[in-house]
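Each chain, written out:
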Amino acid sequence: MKSSQSKAQLPLAAVVLLLSSSIALLPLATRAAPQQTSAPAPHDMNHMQHNHGGFMQEGMHHAVAKGIKLEQQVDAATHTITLREGPLTLPANTSHMNMPQPPDVFWTIPLDGFLRAYTPRLVDANGNVVPGIVLHHTAFWNTDRSDFLCPNKEEHIFGAGSELTNWIEIPGYGYRVQKGDRIRIETMVHNPTATSYDKVFLEVKIPYADPPSAVNKEAVKSAYPTWMDVQSCGGSSYDLKAGKNENTGTVTVKYNGILLGVGGHMHDYAKQIILEDTTRKETVATLDAKVDENGQLLSMPVVTFFDRGGYKFAAGDELRITATYDNTTGKSLPAGAMGIVVGYFVPVDDSAMSALRRKPKPAPHQVAATTSSRDQ
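Residues numbered from 1 in each chain as written. Predicted model: local features only at pLDDT ≥ 70, side-chain atom pairs only at ≥ 80, totals over all residues. Heavy atoms only, no water.

S.K.: Any chance you could explain the overall build of the protein here in plain terms?
M.R.: When you go through the protein residue by residue, the secondary structure sums to zero helices and 28 strands. Residues counted as buried form 54% of the 376 residues belonging to the protein. Contacts in the protein between residues at least 24 apart in sequence constitute 84% of all its contacts with a sequence separation of at least 6. When the accessible surface of the protein is summed, it comes to about 15,800 Å², and 51% of that surface belongs to carbon and sulfur atoms. (Helix = DSSP H or I, 4+ residues; strand = E, 2+ residues; numbered from the N terminus. Buried < 20%, exposed > 50% of the residue type's maximum accessible area, 1.4 Å probe, protein only. Contact = heavy atoms within 4.5 Å. Areas by Shrake-Rupley, 256 points an atom, 1.4 Å probe, with all protein chains shown as cover.)

This is the structure we're talking about:
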């Protein structure tokens, strides 16, 4: 039995709205003095290795790029946070395995509220736009909360690949954050083009809403990012053999609630990703990848369930994710694939989700944000 699907021309983030992507801030009536937090001392990249966890999770090792900083600007007038990570040096024709990668950087949430959306882009030091193709991926993780489908992982609130999809705002919903929450930002870059890029920055704009109060009575419901992975609760990357590839994974829903909608994350040579509720024997969504004549991924569709009040999940429902690729290169591509369905989940009982909060583990070689505020 197939469920009705409403395919919207909304960016992938549209469903993953706020947390599957998002964050918020404290009322700022005055200018806060910038916090200067120094980055770790430079390392010799011929000897230093960086182990990516999080999105990659399988523990790939890379040289560490030097001089990476995270800047945060809070604009109280527009209720917008702008994060800026860099600078990155991207030599031409360099794979992600050979590219020095930025260390994980940490963003401390400065206030209580809701994150509403995410708009990522790449720019150079002069503000000129840099092609998104050089971004392998970026992933934001809340180190103070566990993922509700995979408690062994930190809560994955936002992610983007080379398509640089805007995660637009869904009225009435947001990702609830608390002042002091630590967001780990993991970014991986490469440069498959013949053009070198110097001093590149990843910039992400995040609108936020204040929590309800006597003055602000706007009702905002908490939405939780939902990452349903072909690799189940393991590492997201896997090898892509030559020709057709079909991989399947399962996760189990532990809470009653509704799914607002879903989008997909795949890599080049993608064909399709399907989400099924095997307990109910239903296809939740079928997402067909759009690629160019060379197999390069251009976009993934978004399917929403607004017209039916959301797709209902019950505690105990088993979800199956199936990703299909057609690798036309004639050779195996190590760690060349991901298959993730990304959505926003609204629980029936939000208080039950409080069990997901946890204490973060200390991380070595942290790069923390330099903060500035604007009240205009």
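S.K.: Looking at this structure, I do not really get unusual backbone geometry. What am I missing?
M.R.: Across the chain, the bulk of peptide bonds are trans and the bulk of non-glycine residues have phi less than zero. Following Gly-86, the chain continues into Pro-87 via a peptide bond in cis, with omega recorded as 0 degrees. Mapped onto the secondary structure, Pro-87 falls in strand E5 (residues 80–90). At Tyr-269, a position not held by glycine, the phi torsion is positive, near 75 degrees. With respect to the helices and strands, Tyr-269 occurs in the loop between strand E18 (257–265) and strand E19 (270–277).

S.K.: What exactly am I supposed to notice about the nonpolar core here?
M.R.: Generally speaking, a soluble globular protein has its nonpolar side chains buried in company with each other. In terms of nonpolar packing, the biggest core is built from 48 residues, with Trp-107, Tyr-118, Phe-140 and Ile-206 touching the most fellow members. For this core, the leading source of residues is strand E13 (residues 197–209), giving six residues. Formed by 37 residues, the second largest nonpolar core is a distinct cluster that contains Phe-148, Val-262, Ile-321 and Phe-345. (Core = buried A, V, L, I, M, F, W, Y, C linked by side-chain atoms within 4.5 Å.)

S.K.: Explanation requested: the state of the cysteines in the structure shown.
M.R.: Where two cysteines share a covalent bond between their sulfur atoms, that bond is called a disulfide. On inspection of all chains with the given rule, the structure shows one disulfide. Between the sulfur atoms of Cys-150 and its disulfide mate Cys-233 the distance is 2.0 Å. Between Cys-150 and Cys-233 the sulfur-sulfur dihedral comes to about -75 degrees; the bridge is accordingly left-handed. Here Cys-150 is found in the loop between strand E9 (135–146) and strand E10 (154–160), whereas its partner Cys-233 is found in the loop between strand E15 (224–229) and strand E16 (238–240), with 83 residues between them in sequence. Exposure remark for Cys-150: the relative accessible area of 2% places this residue in the buried category. Taking relative accessible area as the criterion, Cys-233 reaches 26% and is therefore assigned partly exposed. (Disulfide = S-S within 2.5 Å.)

S.K.: Explain the environment of Ser-354 here, please?
M.R.: Among the structural elements, Ser-354 can be located in the loop between strand E27 (340–347) and strand E28 (367–374). We classify Ser-354 as exposed; its relative accessible area is 54%. For the pair Ser-354 and Arg-145, spaced 209 residues apart in sequence, the C-alpha to C-alpha distance is 8.9 Å.

S.K.: Sorry if this is basic, but what is going on with the side chain of His-265 here?
M.R.: Locating His-265 in the fold gives a position in strand E18. A distance of 3.4 Å separates the side chain of His-265 from the side chain of His-267, its partner in a polar contact. (Polar contact = N/O pair within 3.5 Å; in protein donor to acceptor, adjacent residues only side chain to side chain.)

S.K.: Please clarify how the packing of aromatic side chains should be interpreted in this entry.
M.R.: In this description, a pair of aromatic rings is defined by centroid distance and the angle of the planes. In this structure the tally under the stated criterion is eleven aromatic pairs. Members of the aromatic cluster, each reached through a chain of ring pairs, are Tyr-118, Phe-140, Phe-158, Trp-167 and Trp-227. When the ring centre of Phe-201 is taken as reference, the NZ or CZ atom of Arg-84 above it lies at 4.0 Å. (Phe/Tyr/Trp six-rings, centres within 6.5 Å; stacked < 30°, edge-to-face > 60°. Lys NZ or Arg CZ within 6 Å of the ring centre and 35° of its normal.)

S.K.: Help me understand the confidence of the model for the protein in this model?
M.R.: Per-chain confidence: the protein averages 81 in pLDDT, with 78% of residues scoring 70 or above. Long-range and interchain partners of residues 1–58, a stretch whose pLDDT sits below 50, account for 245 contacts in this model, where long-range means more than four residues apart. (pLDDT = per-residue confidence, 0-100.)

S.K.: Before we go on, may I ask you to explain the environment of Glu-203 in this structure?
M.R.: Mapping Glu-203 onto the fold places it in strand E13. Along the backbone, Glu-203 and Gly-86 are 117 residues apart, and their C-alpha atoms lie at a distance of 8.9 Å. Those residues in contact with Glu-203, other than ones at most four positions away along the chain, are Thr-82, Leu-83, Arg-84, Thr-119, Pro-120, Arg-121 and Val-123.

S.K.: What is the right way to look at the sheet that holds E19 in this model?
M.R.: Strand pairing in a sheet takes place through backbone hydrogen bonds and is either antiparallel or parallel in direction. Strand order across the open sheet formed by four strands is E17-E25-E19-E20, with antiparallel pairing between neighbours. The two strands at the open ends of the sheet, each matched to only one other strand, are strand E17 (243–252) and strand E20 (282–288). This sheet shows a mean twist of 15 degrees between the axes of neighbouring strands, independent of strand direction. (Pairing = 2+ DSSP bridges. Axes fitted to C-alpha atoms, helices over the stretch in contact; angles between N-to-C directions.)

S.K.: Looking at this model, I keep getting lost on the environment of Gly-161. Mind explaining?
M.R.: Mapping Gly-161 onto the fold places it in the loop between E10 and strand E11 (173–177). With near-sequence residues (within four places) excluded, Gly-161 lies in contact with Leu-135, His-136, His-137 and His-265.

S.K.: Would you explain the pattern of salt bridges in this entry?
M.R.: Side-chain pairs of opposite charge can arise whenever the charged atoms involved come near each other. A complete count under the given rule lists eleven salt bridges for this structure. For Arg-121, the salt bridge is made with Glu-203, and the minimal N-O distance between the two is 2.9 Å. Here Arg-121, found in strand E8 (residues 119–124), pairs with Glu-203, found in strand E13; they are 82 residues apart in sequence, far enough to count as distant. We classify Arg-121 as partly exposed; its relative accessible area is 34%. The residue Arg-320 makes a salt bridge to Glu-276 at a minimum N-O spacing of 3.1 Å. You can see Arg-320 sitting in strand E25 (residues 318–327) and its partner Glu-276 sitting in strand E19, a full 44 residues away along the chain. The exposure class assigned to Arg-320 is partly exposed, which follows from its relative accessible area of 33%. (Salt bridge = Lys/Arg side-chain N within 4 Å of Asp/Glu carboxyl O.)

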